[in-house]
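Structural overview
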Amino acid sequence: PVYCLKFDKTRRYFITGADDHLAKIFYVGGYTSGNEQHHHHQHQHQKRHTFSYTNGCGAVLVATLRGHNGVITDMDVNCDNMLVATASEDGSVRVWGLRDGACVAVLRHCGGVNMVSFS
């Protein structure tokens, strides 16, 4: 099963981490906030915004990040949307390029890693 999921800052991509030791990057298309729906209720005018995260075809796998030897427990995307960090029960944190999926750093810990965060 998938243990963690994180959208990138554009909300056009999301990354999953699972028990198969893989992180996967998916493309879901553009983020729109159109489709306003107007509702009338006892003389009150209300707007409800609906959001869409689809490209019409569903999510498309664009990259598989390989390197962990344990369940991926957490992940985070950095503030400039260029890197994703994944934490694993194998005792490592891996930092990946979000655009190309290349591993740019491996940080080792003497036990499983449950959380990771860019600060």
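For the structure, see preceding data.
First things first, this report covers the structure right here in the doc. (Residues numbered from 1 in each chain as written. Predicted model: local features only at pLDDT ≥ 70, side-chain atom pairs only at ≥ 80, totals over all residues. Heavy atoms only, no water.)

**Quick look at the overall build of the protein chain**
- Helix and strand counts for the protein chain stand at zero helices and 10 strands.
- Each helix and strand of the protein chain, ordered N terminal to C terminal, gives the series β-β-β-β-β-β-β-β-β-β.
- In the protein chain, buried positions account for 35% of the 119 residues.
- Taking the intrachain contacts of the protein chain between residues at least 6 apart in sequence as the baseline, contacts between residues at least 24 apart amount to 40%.
- Carbon and sulfur atoms make up 51% of the accessible area of the protein chain, which totals about 7300 Å². (Helix = DSSP H or I, 4+ residues; strand = E, 2+ residues; numbered from the N terminus. Buried < 20%, exposed > 50% of the residue type's maximum accessible area, 1.4 Å probe, protein only. Contact = heavy atoms within 4.5 Å. Areas by Shrake-Rupley, 256 points an atom, 1.4 Å probe, with all protein chains shown as cover.)

**Some thoughts on the sheet that holds strand S3 (residues 23-27)**
- In space, the four strands of this open sheet follow the order S1-S2-S3-S6, with antiparallel pairing throughout. Pairing within the sheet leaves two strands with one partner each, and these edge strands are strand S1 (2-7) and strand S6 (60-65). Within this sheet the neighbouring strands show an average axis-to-axis angle of 25°, counted without direction.
- In this structure, strand S2 (residues 13-18) lies alongside S3, joined through five bridges in antiparallel fashion. Each residue of the ladder has a partner; that of Ile 15, found in S3, is Ile 25. (Pairing = 2+ DSSP bridges. Axes fitted to C-alpha atoms, helices over the stretch in contact; angles between N-to-C directions.)

**Some remarks on the packing of aromatic side chains**
- On inspection of all chains with the given rule, the structure shows three aromatic pairs.
- Chaining the aromatic ring pairs together yields one cluster made of Phe 7, Phe 14 and Phe 26. (Phe/Tyr/Trp six-rings, centres within 6.5 Å; stacked < 30°, edge-to-face > 60°.)

**Some thoughts on the pairing of strand S8 (residues 83-88)**
- Counting buried residues in S8 gives five out of six residues, a clear majority hidden from the surface.
- With five bridges joining them, strand S7 (residues 72-77) and S8 adopt antiparallel strand pairing. Residue Val 77 lies in a different strand from S8, and its bridge partner there is Val 84.
- Between the end of S7 and the start of S8, which pair antiparallel, lie five residues, with Asn 81 showing a positive phi angle near 65°.
- Two successive antiparallel strands, S8 and strand S9 (residues 92-97), enclose a turn made up of three residues, where Gly 91 displays a positive phi of approximately 90°.

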